[in-house]
Every structure is written in structure tokens, then in C-alpha cells.
Amino acid sequence: MKKVLLLICFIILTFVSFAQISNERQAVLKVLARQNDHWNKGNIEAFMEDYWKSDSLMFIGSKGVVYGWKATLDRYHKSYPDSATMGTLKFDIQKTDFHSKTTCWVLGKWHLTRPEKGDIGGYFTLILKKINGKWLIVSDHTS
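Here the structure is a predicted model, which is why all the values come from computation and not from measurement.

### Regarding the layout of surface pockets
1) Next: The computed volume of the largest pocket comes to approximately 410 Å³.
2) Next: Taken together, 22 residues make up the lining of the largest pocket; nearest its centre are Phe59, Tyr76, Tyr80, Trp110 and Thr142.
3) Next: For the lining of the largest pocket, the elements supplying multiple residues, two or more each, are α1 (2-40), α3 (69-79), β3 (88-100), β4 (103-113), β5 (120-131) and β6 (134-142).
4) Next: Taken together, the residues of the lining of the largest pocket sort by class into 14 nonpolar, five polar and three charged.

Here you go:
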């Protein structure tokens with residue numbers, strides 16, 4: 001009887017844990033959907049709201065590493081000065097992996113449709129942390 005009770009407890013805990021990760025995955029995907037929407041509205045400032053407002057934020061791109069929220073915002077403004085350059089963004093999320101209850105790794109593809117400038121795209125890996133109850137991007141490696 002003791003073994004049956006332990007098995008039932010294990011099954012319940014596994015189910016609760018799985019449900020929690022599923023909810024957190026949906027929350028992370030919501031962050032990315034919100035970013036996609038902000039980008040497609042041409043609003044880089046709103047797009048950046050899902051990044052950690054810290055000097056420790058890390059963005060790694062084709063031109064090297066940028067540290068800090070403000071420096072990353074400035075980099076986006078310099079790289080995408082107008083709506084023709086920004087184009088229309090589409091994310092294709094390949095994988096999400098939770099390393100803990102407060103840390104998530106995301107692998108995805110990005111594509112910008114830009115009729116005037118030519119389409120571009122690539123891959124990204126993000127590390128998100130749950131800070132004060134909110135999922136924030138703390139590291140972005142985009143190529």
C-alpha cells in the first residue's frame with residue numbers, strides 16, 4: 001500500500017510539474033509573439049520592453065557583442081532606421097528548453113520580408129529569465 005501511495009504522489013507531482021512548464025512555455029511564447037507584433041508596428045522601443053533593462057543584458061550579432069539595454073536599443077535603431085529596413089518580421093520557434101523554473105533557452109529562425117531592401121533572415125538563441133514574475137530576455141544571439 002505504501003508503494004502505491006508513493007507512486008500516486010510521484011504521478012501527481014510529475015503532472016503538476018509538466019503543467020507548470022507548459023504554462024511557462026506559453027508565457028515565453030507570448031513574449032515572442034508580443035515582440036513580433038511590436039516589430040511589425042515599427043515600434044522598436046516597445047519591442048525592447050521584453051529585454052532586461054540592465055547593463056548586463058548581452059546581445060551578440062554579426063558585428064560582435066553589445067552589453068546593456070540602452071546600447072542594444074541604440075544598435076537596433078542604427079541597424080533598422082526606417083520601416084523599409086525593418087520590414088515584416090516572422091519568428092519560427094524551433095525549441096524551448098527550461099533549465100529551471102526561472103530560466104529558459106529558445107532557439108528560433110527569424111525572417112524579415114523587405115520588398116524595398118531585400119529579404120533577410122537567420123537564427124537566434126535567447127536566454128530568458130523570470131525576473132520579478134516577468135520573462136525577460138537577458139541574452140540574445142542573433143545571426
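The discussion continues.
### Some details on the sheet that holds β3
1) Next: On the basis of which strands lie adjacent, the open sheet formed by six strands has the order β2-β1-β6-β5-β4-β3 and mixed pairing. With partners counted over all chains shown, the strands left at the sheet margins are β2 (64-67) and β3, one partner each. Each strand of the sheet is rotated relative to its neighbour by a mean of 25°, with strand direction disregarded.
2) Next: In this structure, β4 lies alongside β5, joined through ten bridges in antiparallel fashion.

So, how was this worked out
- Residues numbered from 1 in each chain as written.
- Predicted model: local features only at pLDDT ≥ 70, side-chain atom pairs only at ≥ 80, totals over all residues.
- Heavy atoms only, no water.
- 1 Å grid on protein atoms, 1.4 Å probe; cavity = no way out; pocket = protein on both sides within 12 Å on 5 of 7 lines; lining within 4 Å.
- Points joined across faces, edges and corners; volume = space filled by probe spheres on them.
- Helix = DSSP H or I, 4+ residues; strand = E, 2+ residues; numbered from the N terminus.
- Nonpolar A, V, L, I, M, F, W, Y, C, P; charged D, E, K, R; others polar.
- Pairing = 2+ DSSP bridges.
- Axes fitted to C-alpha atoms, helices over the stretch in contact; angles between N-to-C directions.

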